[in-house]
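# Working through the structure, step by step
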Amino acid sequence: QVQLVESGGGLVQPGGSLRLSCAASGTIFSIGAMGWYRQAPGKQRELVASIGSDGSDGNTRYTDSVKGRFTISIDNTKNTVYLQMNSLKPEDTARYYCSAAISVSSWYPLSFNDYWGQGTQVTVSS
């Protein structure tokens, strides 16, 4: 019914940049928020960044370790969220997952379900 497709992961050297994209498709009435999580081997999954559907700077959140380096943005016309990652460090190496809170019916416009993408691997290594 709803699918999230991520792209943009890969191998990059320390100090390099990557831009992740996540496009939502399917039966979508409205999107409340979208975000990026990451999980490295042996570690817990953590929220990297999130953004409200209005795309305002006041409605974004970042984990402390990426503040000043990562930027999240959303394009509502494409139902797509982006994560621009600059000054990448080896500790950023993880599988990155896109998530979205989506309402799928006009009969229940305030009923949001959480959806997840399959993830995309980001490896930062020299």
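Residues numbered from 1 in each chain as written. Predicted model: local features only at pLDDT ≥ 70, side-chain atom pairs only at ≥ 80, totals over all residues. Heavy atoms only, no water.

Here we take up the nonpolar core. In globular proteins that are soluble, nonpolar side chains generally tend to be buried together. In this structure, M34, W36, L83, M85 and Y96 are the most contacted members of the largest nonpolar core, which totals 30 residues. Broken down by secondary-structure element, the contributors of at least two residues to this core are β1 (2-7), β3 (18-26), β4 (30-39), β5 (46-52), β7 (70-75), β8 (80-85), β9 (94-103) and β11 (120-124). Here the element with the most residues in this core is β9; it accounts for five residues. Discounting chain neighbours no more than four positions away, the residues touching Y96 are E6, L20, W36, Y37, R38, V48, F70, L83, M85, G119, T120 and V122. (Core = buried A, V, L, I, M, F, W, Y, C linked by side-chain atoms within 4.5 Å. Buried < 20%, exposed > 50% of the residue type's maximum accessible area, 1.4 Å probe, protein only. Helix = DSSP H or I, 4+ residues; strand = E, 2+ residues; numbered from the N terminus. Contact = heavy atoms within 4.5 Å.)

Throughout the structure, instances matching the rule amount to one aromatic pair. Across from the ring centre of W116, 5.0 Å away, lies the NZ or CZ of R45, which sits over that ring. (Phe/Tyr/Trp six-rings, centres within 6.5 Å; stacked < 30°, edge-to-face > 60°. Lys NZ or Arg CZ within 6 Å of the ring centre and 35° of its normal.)

If you walk across this open sheet you meet the four strands as β1-β3-β8-β7, and the pairing is antiparallel. Lying at the two open borders of the sheet, with one neighbouring strand each, are β1 and β7. Averaged over neighbouring strand pairs, the angle between their axes works out to 15° when direction is ignored. (Pairing = 2+ DSSP bridges. Axes fitted to C-alpha atoms, helices over the stretch in contact; angles between N-to-C directions.)

What follows deals with unusual backbone geometry. Of note in this structure, N79 is not a glycine but carries a positive phi near 50°. Note that N79 resides in the loop between β7 and β8. For N79, a relative accessible area of 25% translates into the label partly exposed. Even without being glycine, S87 reaches a positive phi, approximately 50°. Looking at the element boundaries, S87 is found in the loop between β8 and β9.

Time to look at the pairing of β8. The buried fraction of β8 amounts to five of the six residues, a majority that puts the element mostly inside the structure. As defined by bridge partners, β3 adjoins β8 across six bridges and the pair is classed as antiparallel. Within β8, the position partnered with R19 by the bridge is Q84. Taken together, the six bridges between β7 and β8 define a ladder with antiparallel strand orientation. Paired with T71 across the bridge in β8 is Q84. Connecting β7 to the antiparallel partner β8 that follows it, the hairpin turn spans four residues, and N79 within it adopts a positive phi of roughly 50°.

Our focus in this paragraph is the side chain of S103. Following the sequence through the fold, S103 ends up in strand β9. In terms of polar contacts, S103 uses its side chain to reach the backbone carbonyl oxygen of P109, at 3.3 Å. Excluding anything up to four places from it in sequence, S103 contacts I28, F29, S30, Y108, P109, L110, S111 and F112. (Polar contact = N/O pair within 3.5 Å; in protein donor to acceptor, adjacent residues only side chain to side chain.)

A separate point is the pairing of β4. Alignment of β4 against β9, held across nine bridges, turns out to be antiparallel. Bridged to R38 within β9 is Y96. One ladder, built from six bridges, connects β4 with β5; its direction is antiparallel. Paired with R38 across the bridge in β5 is E46. Counting the residues in the hairpin turn of β4 and β5 gives six residues, including G42, whose phi is positive at 80°.

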